Amino acid sequence: QLGVTAPLGFFDPAGFCKVGDEEGFRRLRVAEIKHGRVAMMAAVGAVVQPVLQFPGFDKVPKGIGAVLSPPGTYGFAALFLISGALELFLWKDDSSKSVDSIGDYGNPLQLGFGDPMGASEDMRNRELNNGRAAMFAALGIIVAELATGKDALQQLGF
């Protein structure tokens, strides 16, 4: 089954996923994939943001404080609205498709040659596992910044 990988195998210690509940499994898997994708972008963004900023955002504080001061607040609001619109109108799960198609919203970067990127079971397992790790990484970056006052790059010693 997709997502059941070594070393943990099937891991559901809290019993969220009941046997035979495909609708519940679909809902949880959709949430896992979307949260994992957001967490991967957040973890990379937390490390890149202190070094690379959009024009006009150079006076915005580095780290999590960026969303609390203008124009960082405006950028966050725009990102929130664009993400919400994409989520509501474009990136919808089709429950008539199999559970294996969850998270497949097309591939805009496929250039018309070769196998579709990310279509193999190995790549889909990698995405799930990297997303799971990124959820912990993003949370760790945020907690460490709140505890130490250092942004993600400073935490790495740069």
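Since this is a predicted model, take the numbers as computed values, not measurements. Just so you know, the residues in each chain are numbered from 1, in the order the chain's sequence is written. Side-chain atom pairs in this predicted model are given and counted only at pLDDT of 80 or more, local residue features only at pLDDT of at least 70, and totals for whole chains, interfaces and linings cover all residues. With hydrogens and water set aside, each side-chain value is computed from the structure's full complement of heavy atoms.

1. Focus on the overall build of the protein
Then comes step 1: In terms of helices and strands, the protein carries four helices and zero strands.
Then comes step 2: Here a strand is any run of E in DSSP of at least two residues, a helix any run of H or I of at least four, and the numbering for each starts at the N terminus. Beginning at the N terminus, the succession of helices and strands in the protein can be written as α-α-α-α.
Then comes step 3: Counting across all 158 residues of the protein, residues that qualify as buried make up 21%.
Then comes step 4: Residues count as neighbours in contact if any of their non-hydrogen atoms are within 4.5 Å of one another. The contacts in the protein between residues at least 6 apart in sequence include a share of 64% that link residues at least 24 apart.
Then comes step 5: For the area figures, the Shrake-Rupley method with a 1.4 Å probe applies, and any residue is considered shielded solely by the protein chains shown. Of the roughly 11400 Å² that the protein leaves accessible, carbon and sulfur atoms contribute 68%. Only protein chains enter the accessibility calculation, which uses a 1.4 Å probe; a residue whose area is less than 20% of its type maximum is buried, one above 50% is exposed, and one in between is partly exposed.

2. What to know about empty space enclosed by the protein
Then comes step 1: A cavity here means a set of 1 Å grid points, computed over protein atoms only, where a 1.4 Å probe fits but cannot escape. A pocket is an open set with protein on both sides within 12 Å along at least 5 of 7 lines, and lining residues have an atom within 4 Å of a point. Grid points are joined across faces, edges and corners, and a volume is the space filled by probe spheres set on the points. Considering all chains together, one arrives at one cavity of 30 Å³ or more under this definition.
Then comes step 2: As a volume, the largest cavity reaches approximately 40 Å³.
Then comes step 3: Taken together, Glu32, Ile33, Gly36, Arg37, Glu127, Leu128, Gly131, Arg132 and Met135 form the lining of the largest cavity.
Then comes step 4: Counting residues per element, the lining of the largest cavity draws most heavily on helix α3 (residues 121-148), at five residues.
Then comes step 5: Residues were grouped as follows: Ala, Val, Leu, Ile, Met, Phe, Trp, Tyr, Cys and Pro as nonpolar; Asp, Glu, Lys and Arg as charged; and all remaining residues, including Gly, as polar. Split by residue class, the lining of the largest cavity holds three nonpolar, two polar and four charged.

3. Brief notes about unusual backbone geometry
Backbone phi values are negative for most residues with the exception of glycine, while trans is the configuration of most peptide bonds.
Then comes step 1: Cis geometry is found at the peptide bond from proline 70 to proline 71, where omega equals -5°.
Then comes step 2: Along the chain, proline 71 turns up in the loop between α1 (22-48) and α2 (72-90).

4. What to know about a nonpolar patch on the surface
Then comes step 1: The residues that make up patches have over 30% relative accessible area and no salt bridge, and they are joined within 9 Å when like-charged or within 5 Å when they are Val, Leu, Ile, Met, Phe, Trp or Tyr. Any carboxyl oxygen of Asp or Glu that lies within 4 Å of a side-chain nitrogen of Lys or Arg is treated as forming a salt bridge with it. Among the surface-exposed residues, Ile64, Val67, Leu68, Phe76, Phe80, Leu81, Ile142 and Leu146 lie close enough to one another that they form a single nonpolar patch of about 830 Å² accessible area.
Then comes step 2: For the nonpolar patch, the elements supplying multiple residues, two or more each, are α2 and α3.
Then comes step 3: For the nonpolar patch, the element with the highest residue contribution is α2, accounting for three residues.
Then comes step 4: Inspection of the secondary structure puts leucine 81 in helix α2.
Then comes step 5: On the accessibility criterion, leucine 81 (60% relative accessible area) is exposed.

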